[in-house]
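# Inside the fold
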2 protein chains.
Amino acid sequence: MGIIERRQRQKTEVRTSILQAAWEVVLTEGWQALSIRKIADAIEYSAPVIYTHFESKDAILHEFTKEGFRLLTEAITQQRDSQTDASRQLEAMAEGYWNFAFAHKEYYQLMFGLGIPACEQVKRTVEMKEFADIVHAVIQEVIRAGSQPSIDAFLKYHTYLSILHGLVSIQMTGLNETVNPWSKLVLKDAVNGFIKALDG
Amino acid sequence: MGIIERRQRQKTEVRTSILQAAWEVVLTEGWQALSIRKIADAIEYSAPVIYTHFESKDAILHEFTKEGFRLLTEAITQQRDSQTDASRQLEAMAEGYWNFAFAHKEYYQLMFGLGIPACEQVKRTVEMKEFADIVHAVIQEVIRAGSQPSIDAFLKYHTYLSILHGLVSIQMTGLNETVNPWSKLVLKDAVNGFIKALDG
DNA sequence: TAGTAAAGTTAACACCGTTATAAAAGCTAT
DNA sequence: ATAGCTTTTATAACGGTGTTAACTTTACTA
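Only a predicted model underlies this, so the values are computations on that prediction, with no experimental measurement involved.

### Focus: the protein's contact with DNA strand C
By nearness alone, 18 residues border DNA strand C, and A:S46, B:R6, B:S35, B:R37 and B:Y51 come closest of all. Protein-proximal atoms of DNA strand C, defined as those within 4 Å of the protein, fall in sugar or phosphate at a share of 63%. A distance of 2.8 Å separates a phosphate oxygen of DNA strand C from a polar side-chain atom of B:S35. Between DNA strand C and B:I36, the relevant distance is 2.9 Å, taken from a phosphate oxygen to a main-chain nitrogen or oxygen of the residue.

See the structure below:
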């Protein structure tokens, strides 16, 4: 009596087809456009069947974030093993991380909670530009007063902002398990390192 | 005939009441929970009137991101002026940035497109932990092989990740106007600085 | 073949952003 | 003051969302 076995098999088949259909939508329309009904249409079932395989829509997305971390882990592991020196490994892993992020943009956005639609227009606002100008000016001054005047201030501006934003957003999305006072040390650590490299 | 003047005055009154009501919702329930109907309820008007003041819901949110950048600019300007030395200014601005982000969490999330609900659970998955372990191990090795073995590997792990995530997400959200090849320089710049500080 | 358990369906609930249409209110000119 | 016009506001609707209750169909068992 392989009936329950076959049933189990069919059930997992539907499950994977849900994930496949969902991922198709995410790839072509972005994860914001994913809907239960769209998945149901694609797999040629009615919408409620999806809830026999996943607790909620979030659970489906969560599945993708897990898969994303698996892929990212694979990528950086490969990068690590391409080098023997630990420092070079760290360097290579950074590049692997970067490449993964843009090769699998949708995964990355899900993994780190990125993507408000309104964000695209912000870069063109005067408010953003004013902010950028102030930071840029100070960095320029640090370079001017330092021992390496040939450093590109624009490059350093982006680096500075990225470090700050990275620290904040990783803390904010709750992706690290440490508490607040501790992570302010990380801020000081990173910024001091950055400034040291700037003013030489 | 101050009639049209009064009408203009009343119109702007409704406009600001919309923004106030909207912000109230954002503060108490998060920006995901904001809806046109909720705003309409709060200001005791029907939903369509909102569209005589704002083109769309996104336009309302966009208003807040602009306000957010104004506040952030104010904060870092104040921090800058608390110091005379440019390097110290940059340091103070970083702290100002950090404080702003967590003092005005909702603003920051809107400004940088943060906040997928599913993100909270990720930190508890094995997939995330495995990834963390690999990176942590390499950093530990770099420290061991370097000239400052007393450096905290855990702290550096967070710093490393934050730098990477910051670079990626700022690039991805399109908040900087430069193109891809250029920003890979920023990556190399930041990572090399980080590694130098690590292996001494 | 009757009865039962599983699977899958339709219909509904309570929302959402947005817009077309209709009603009410306010002002102007006779 | 009232008729007519303009502006303002509301109701109703469209097409969508996640999710669940109730019902029907299918598949299997005795």
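### Digging into the packing of aromatic side chains
Tallied over the entire structure, the rule returns 20 aromatic pairs over all chains. Three or more aromatic residues joined by ring pairs make a cluster, and in this case those are A:F69, A:Y97, A:Y108, A:F112 and B:F131.

### Some details on the protein's contact with DNA strand D
Surveying the vicinity of DNA strand D reveals 18 residues, the closest of which are A:R6, A:S35, A:R37, A:Y51 and B:S46. In this structure, a phosphate oxygen belonging to DNA strand D sits 2.9 Å away from a side-chain N or O atom of A:S35. Contributions of two or more residues to the surface near DNA strand D are made by α1 (3-29) and α2 (36-43) of chain A. Among the elements that make up the surface near DNA strand D, the one with the highest residue count is α1(A) (three residues). A per-class count over the surface near DNA strand D returns nine nonpolar, three polar and six charged.

### Here we look at helix α2 (residues 36-43) of chain B
Residues and elements named next belong to chain B. For α2, the full list of buried residues reads I36, I39, A40 and I43. Looking straight down α2, one finds that the buried residues subtend no more than 100 degrees of arc, so they occupy a single side. Of the exposed residues in α2, those oriented more than 90 degrees away from the buried face are R37, D41 and A42. Among the residues trailing α2, E44 stands out with phi positive, at a value near 60 degrees.

### What to know about the relation of the copies chain A and chain B
Laying chain A over chain B is done by rotating through 180 degrees and shifting 0.0 Å along the axis; what remains is an RMSD of 0.1 Å. As the rotation angle and translation indicate, the two copies are arranged about a two-fold axis. Considering only C-alpha atoms, the part of chain A nearest the rotation axis is A:G166, at 1.7 Å. Interface residue correspondence from chain A to chain B reaches 99%, placing this contact among same-surface, isologous pairings.

### Side note on the confidence of the model for chain A
On average, chain A scores 89 in pLDDT, and the residues at 70 or more come to 91%. Mean pLDDT across the elements of chain A ranges from a minimum in helix α6 (residues 119-122) of chain A, with 62, to a maximum in α2(A), with 98.

### A look at the environment of B:L155
Secondary-structure assignment places B:L155 in helix α8 (residues 153-172). In this structure B:L155 comes out as buried when scored by relative accessible area, which is 12%. Taking the C-alpha atoms as reference points, B:L155 and B:H136, 19 residues apart in sequence, are found 9.7 Å from one another. Setting aside chain neighbours within four positions, we find B:L155 in contact with A:W182, A:L185, A:V186 and A:D189.

### Examining helix α7 (residues 126-145) of chain B
Residues that lie three or four places apart on an α-helix share one face, since the helix turns once every 3.6 residues. An ideal rise of 1.5 Å per residue puts 28 Å on 20 residues; α7(B) measures up with 29 Å between its terminal C-alpha atoms. For α7(B), the full list of buried residues reads B:E127, B:M128, B:F131, B:A132, B:I134, B:V135, B:H136, B:V138, B:I139, B:V142 and B:I143.

### Some thoughts on the interface of chain A and chain B
Between chain A and chain B, the contact holds 94 residues from the first and 93 residues from the second. Interface area, chain A with chain B, both sides summed: about 8,900 Å², of which 74% is carbon and sulfur. Contact with chain B buries area across many residues of chain A, yet A:L90, A:W98 and A:M172 alone supply 9% of it, more than any other trio. Where chain A packs against chain B, one counts eight salt bridges. With its nearest N and O atoms 2.8 Å apart, the salt bridge here joins B:K156 to A:D189. Across the chain A-chain B interface, the total number found is 20 residue pairs in polar contact (both at pLDDT 80 or more). Tallying contributions element by element places helix α8 (residues 153-172) of chain A first for the side of chain A that touches chain B, with 18 residues. Along the lines of polarity and charge, the residues of the side of chain A that touches chain B split into 49 nonpolar, 26 polar and 19 charged.

### Focus: the domain arrangement of chain A
All names here are of chain A. Partitioning chain A into domains gives domain 1 (1-55) and domain 2 (62-199). Across the boundary between the two partners, domain 1 contributes nine residues, which contact eight residues of domain 2. For the pair domain 1 and domain 2, the summed buried area comes to about 810 Å², and 72% of that belongs to carbon and sulfur atoms. Three residues, L19, W23 and W31, lead the burial of domain 1 against domain 2; their summed loss comes to 62% of the area buried on that side. Scanning the region where domain 1 abuts domain 2 turns up one salt bridge. Between R15 and E63 there is a salt bridge, with the nearest N and O atoms lying 3.4 Å from each other. Linking domain 1 to domain 2 there are one residue pair in polar contact (both at pLDDT 80 or more). Across the side of domain 1 that touches domain 2, the residue classes break down as seven nonpolar, one polar and one charged.

### A word on the environment of B:A101
With respect to the secondary-structure elements, B:A101 resides in helix α4 (residues 86-103). For the pair formed by B:A101 and B:L72, sequence separation is 29 residues and the distance between their alpha carbons is 8.4 Å.

### Some thoughts on the nonpolar core
If you look at the biggest cluster of nonpolar residues, it comprises 128 residues, and the most contacted ones within it are A:I60 and B:I60. In this structure A:I60 touches A:I18, A:L19, A:A22, A:I36, A:I39, A:I50 and A:F54, once residues within four positions along its chain are discounted.

Thresholds, definitions, all that
Residues numbered from 1 in each chain as written. Chains lettered and ligands numbered in written order. Predicted model: local features only at pLDDT ≥ 70, side-chain atom pairs only at ≥ 80, totals over all residues. Heavy atoms only, no water. Near = heavy atom within 4 Å. Polar contact = N/O pair within 3.5 Å; in protein donor to acceptor, adjacent residues only side chain to side chain. Phe/Tyr/Trp six-rings, centres within 6.5 Å; stacked < 30°, edge-to-face > 60°. Helix = DSSP H or I, 4+ residues; strand = E, 2+ residues; numbered from the N terminus. Nonpolar A, V, L, I, M, F, W, Y, C, P; charged D, E, K, R; others polar. Buried < 20%, exposed > 50% of the residue type's maximum accessible area, 1.4 Å probe, protein only. Arc of directions from axis to C-beta. Least-squares fit on C-alpha atoms with pLDDT ≥ 70 in both. Contact = heavy atoms within 4.5 Å. pLDDT = per-residue confidence, 0-100. Expected span 1.5 Å × (residues − 1). Buried area = accessible area lost by both parts, 1.4 Å probe. Salt bridge = Lys/Arg side-chain N within 4 Å of Asp/Glu carboxyl O. Domains from an automatic or database assignment. Core = buried A, V, L, I, M, F, W, Y, C linked by side-chain atoms within 4.5 Å.

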